[in-house]
Amino acid sequence: MADQVLVIGSGGREHALAWKLAQSPHIKHVFVAPGNAGTADNGKISNSAISVSNHAALAQFCRDAEIKLVAVGPEVPLAAGIVDDLTAAGVRCFGPTAKAAQLESSKSFTKDFLDRHEIPTARWKSFTDPKAACSFINSANFPALVVKASGLAAGKGVIVASNKEEACKAVTDIMQDKTFGTAGETVVVEELLEGEEVSCLCFTDGITIASMPPAQDHKRLMDGDEGPNTGGMGAYSPAPQISKDLLQKIRDTVLQKTVDGMRKEGVPYFGVLYAGLMLTKDGPKVLEFNCRFGDPECQVILPLLKSDLYEVMQAVINKKLSSSMPVWFEDSAAVTVVMASEGYPGTYPRGLEITGLSKAKQLGLEVFHAGTALKDGKVVTSGGRVLTVTAIKEDLMTALQEANKGVAAIHFKGAIYRKDIGYRAIAFLKQSRGLTYKNSGVDIAAGNTLVQKIKPLASATSRSGCNAELGGFAGLFDLKAAGYKDPILVSGTDGVGTKLKIAQICKKHDTIGQDLVAMCVNDILAQGAEPLFFLDYFACGKLDVEVAQGVIAGIAEACKKAGCALLGGETAEMPGMYPPGEYDLAGFAVGAVERGQMLPQLERITDGDVVIGVASSGVHSNGYSLVRKIVEKSSFDFSSPVDVSGYQTLGDLLLTPTKIYSKALLPVLRSGHVKAYAHITGGGLLENIPRVLPESVGVILDALTWKVPEIFCWLHKEGNLSEEEMIRTFNCGIGAVLVVQKELAHQVLKDIERHEAAWLIGKVVSLQKGSAHVKVHNLLRALQANRSLSLRSHIQGRIQTKKVKVAVLISGTGTNLEALISSTKKPTSFAQIVLVISNKAGVEGLRKAERAGISTRVIDHKLYESRTEFDSAVDKVLEEFSVELICLAGFMRILSGPFVKKWEGKILNIHPSLLPSFKGANAHKLVLQAGVRVTGCTVHFVAEEVDAGAIIFQEAVPVKVGDTVETLSERVKEAEHRAFPAALQLVASGAVQVGEAGKIYWK
């Protein structure tokens, strides 16, 4: 059941808090008291006239309105004990107690606290006598030029003087002239620190802290940091001046120490802790603490929060932050520019009409109101800082440009704003710094991390003769310890070819390692050699430790299957050599065979010998350039389902790993009964068997004697391949062949069949001059005979008469829109996207559609009084474009019953779990909490009950040890990009339909 919450405050910070909280599916409504024009009747947000200073009346309002949480924005009510009083009245409140809020409300308390807990800060002294303060300023052995009113002064109670005279005047103004009222009864005089000023905030539940992206505020009124001090004229986040290492240092030496110190002093701190810091040459030092979000920092930090703010606040209150750490958007930057009234920070006019707000929204910007009010249906100014315009983009420069465009679109008389917000960061990014190896694209630390992760994997492959310990310059193998007396060393090297491309497209990296090992060890078996050790080579443009670990884990597991040690390898990170996400592999196997047991024994092979074929697992690792071309020209892609359940895709089938034959075949090869062994690798049956035969003989094979896997039947038909092309390119179901004496053939076959499927598939014949070394009879019949078993899809064989017209509904980036567009652009697609509708203007999804030449419409839900009216407007546009199917791609509106009923069986949605498990919001979090090992995504028809429609397609995704909501979400998202297009093709082709009682049926 959705909750109602209350935000205390009236500024841009409170508008941002309400905006972010309203995005939570757990929240039904957000009240803001007293609020402003931006929070008045804005979707799920509205204002309340309840007094925030009368805590008893406020508590009663919360009980009457069933308020589940109160989030306090400004510092004054916190210092006045609002959290203490509401909590005592049984109302859950986010924010520190009055005693904990002293970190902001009393500068002298804070400085004492910092000294007690050895948290770095400027040298200082507090005074209640102005003469004593001036005497200290003149006599201090450091520049004592910062004068602070100890109490709360709306963010303006700090004077940074340029000389001693100015500092003494500031003391007089604050203490005798009462510039900041009672806040200045005590002043703190501080050392003037030099460096960059930044803001580092965190959530805390009194024990755990969760850092936010660092930000930088701009206090001065005018460009270039000129003019008087203000409450803040703009901010940006993240601040690039703060490296990850420095942020960790601030986290440990300032934020965590502060939270720990407060707890030790019996005053646990809950809520948001804001540290204003100076980055000095001696390290970060605390300038001040705020006990809440900063304003305007809040307006750039919250847009970067990927997690549900309501969930984070609840975790703080429940003291469970460690199990619900917030996740932030990576590779994004936010800039906010404050528009202030003429005369600010002094006296200023009020009641001036503000125009252009809708234009800024159309630009995709967020406008957070501060000093605004509604008058006669118009938005007017009512404060010094009027509003902030926030842009969220991929980099700081672009975000600043977009925010300035929004500011230029908004007008009110005498508006003041800065155009250089973020200038320090931009200068920092542009300045020339000494290059490092990491700057050039090679991350040595990542490489070292990988080595540590794979060491135990390699160690597990140890065998007699070798302990498989990584880290040395070279590996050692003791042949005598392995039991060899008169050995011949045998080596082989190979790769995996373009099967890698499919693995990378499908993001499936755990089986490709077996292909690499198999291709090498199966080759050296041709000499009768036992594989002893293996070396790998992994090359990439940028090292992804998780991907590389997955590949090498597969190599190590395959080495165990082959009975050889993973003795070493090379990981080569080569920027510019490979595109992002791509890598290449090579393997090297070394084996040994006793001198008298070497193969092939050419002098023993004669007319009449029998050929035994050992089953392959499928295509193995050859011919994939042809495979990829066939798939490209077919009506399939690698995400196409190959069975009714939809659990196996064409990509999965093609990535079936190559069989490793060493353990199964070595005893047979050493028995003396085998005259030759051939690995059916590149060149297929046609070119590999002659490599182990004398020139005078060849073989005749009968394809009806073995089982041809379904995949070859499909490749043959779909690619319209000739018989010769099939046997020259593919193994056609035979991974290895053995040549044996006719009288021993059945015994050898029986020995092999204990481990692998095998057949008597042909015989050795004397070769006539000019005759082919390999003849395969009945291949076409075998392929056709198995066609009933061949790869099937519910859209295969359907005639594409016309493309079904599809509309995609979005609210933002259109999470899966790009994947849907790509799949429907294929000439073989049964669907065509003719329209993209968004309920929000200026979102990235609209731009994606426009770039693809797709018509777009914006239908703003805020303009309609009910869901039914909004859905009716959407329906009219759908009819205008003759839409037949609807896909919901990140559409954040619940469709009304009449709309769903009208479009029954025609609306597709995707959910990030394997339904019916983990319905509703926060599926990934629920998955992790439940401890299940497999999740995934589900494409389903939309029914009136949320996530309850008939299931069309599902794709499973493993849950890895150490997964967070963010890492799991990314992998499920990749699965969604495959699953949604596959499901759309199934429905558009008519292969899947909804029948009676909402049940699905397949044609």
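Up top is the structure these notes are about.
Everything numeric in this text was worked out from a predicted model, so none of it was measured. (Residues numbered from 1 in each chain as written. Predicted model: local features only at pLDDT ≥ 70, side-chain atom pairs only at ≥ 80, totals over all residues. Heavy atoms only, no water.)

1. Observations concerning unusual backbone geometry
Definition in use: A helix here means a DSSP run of H or I that spans at least four residues, while a strand means a run of E at least two residues long, and both kinds are numbered starting from the N terminus.
Following A33, the chain continues into P34 via a peptide bond in cis, with omega recorded as 0°. Note on placement: P34 falls in strand β2 (residues 27-34). Each neighbour pair has its own omega, and for L915 with P916 the value is 10°, a cis peptide bond. Located in the positive-phi region is D225, a residue other than glycine, with phi close to 60°. One can find D225 in the loop between β13 (220-222) and β14 (226-229). Residues other than glycine seldom take positive phi values, yet N778 does so here, at roughly 65°. Along the chain, N778 falls in the loop between β32 (774-777) and α26 (779-785).

2. What to know about the sheet that holds strand β8 (residues 158-160)
Here is the rule: Pairing between strands requires that DSSP locate at least two bridges from one strand to the other. Here an angle of 0 to 180 degrees is reported between the N-to-C directions of two axes, which are lines fitted to C-alpha atoms, with helices fitted over the stretch in contact. In this description, contact between two residues means that some pair of their heavy atoms is separated by no more than 4.5 Å.
Read from one edge of the open sheet, four strands run β6-β9-β7-β8, paired in antiparallel fashion. This sheet does not close on itself; its edge strands, each paired only once, are β6 (124-127) and β8. Direction aside, neighbouring strands of the sheet carry axes that sit 20° apart on average. In the packing of helix α8 (residues 164-175) onto the sheet, contacts are made with β6, β7 (146-149), β8 and β9 (187-190), and the angle to β7 comes to roughly 10°.

3. Re the packing of aromatic side chains
Going by this rule: Stacked, tilted and edge-to-face are the three classes assigned to paired rings of Phe, Tyr and Trp, where Trp is represented by its six-membered ring and a pair needs centres within 6.5 Å; plane angles under 30 degrees give stacked, over 60 edge-to-face, the rest tilted. Only protein chains enter the accessibility calculation, which uses a 1.4 Å probe. A residue is then buried if its area is under 20% of the maximum for its type, exposed if over 50%, and partly exposed in between.
Overall, the coordinates contain 13 aromatic pairs when judged by the stated rule. Here F31 and F61 contribute two aromatic rings whose centre-to-centre distance is 6.0 Å and whose plane-to-plane angle is 80°, an arrangement assigned as edge-to-face. In this pair, F31 is assigned in strand β2 and F61 in helix α2 (residues 55-64), connecting sequence segments 30 residues apart. Comparing F31 with F61 shows no difference in burial state: the two are buried. Here the aromatic cluster, defined as three or more aromatic residues joined through ring pairs, consists of F94, F203 and F293.

4. Here we look at the sheet that holds strand β11 (residues 209-211)
The strand order β11-β10-β16-β17 describes an open sheet built from four strands, whose pairing is antiparallel. Two strands in the sheet have a free side with no partner beyond their single neighbour: β11 and β17 (283-290). Ignoring which end each strand starts from, the neighbouring axes of this sheet average 35° apart. Across nine bridges, strand β10 (residues 196-204) lies against strand β16 (residues 271-280) in antiparallel orientation. Among the inter-strand pairings, T204 is bridged to a residue of β16, identified as G271. Contacts from helix α9 (residues 244-264) reach β10, β11, β16 and β17 within the one sheet, and its direction differs from that of β16 by about 130°.

5. Some points on the pairing of strand β30 (residues 734-740)
Side-chain positions along a regular strand alternate between the two faces of the sheet. Among the seven residues that make up β30, seven are buried, leaving the element largely enclosed by the rest of the structure. Where strand β27 (residues 610-615) and β30 come together, six bridges link them in antiparallel fashion. Its bridge partner lying in β30, A615 is registered against I734. By the bridge criterion, five bridges tie strand β28 (residues 674-679) to β30 in an arrangement that is antiparallel. By the bridge assignment, A676 is partnered in β30 with V739.

6. Re the pattern of salt bridges
We apply this condition: Take a side-chain nitrogen of Lys or Arg and a carboxyl oxygen of Asp or Glu: if they are within 4 Å of each other, that pair is a salt bridge.
Evaluation of the coordinates by the stated rule reveals 45 salt bridges. Between D295 and R385 there is a salt bridge; the shortest N-O distance is 4.0 Å. One end of the pair, D295, is in the loop between β17 and α10 (298-301); the other, R385, is in strand β22 (residues 385-393), and 90 residues separate them in sequence. Linked through salt bridges whose partners overlap, the residues forming this network are D225, R418, D420 and R424.

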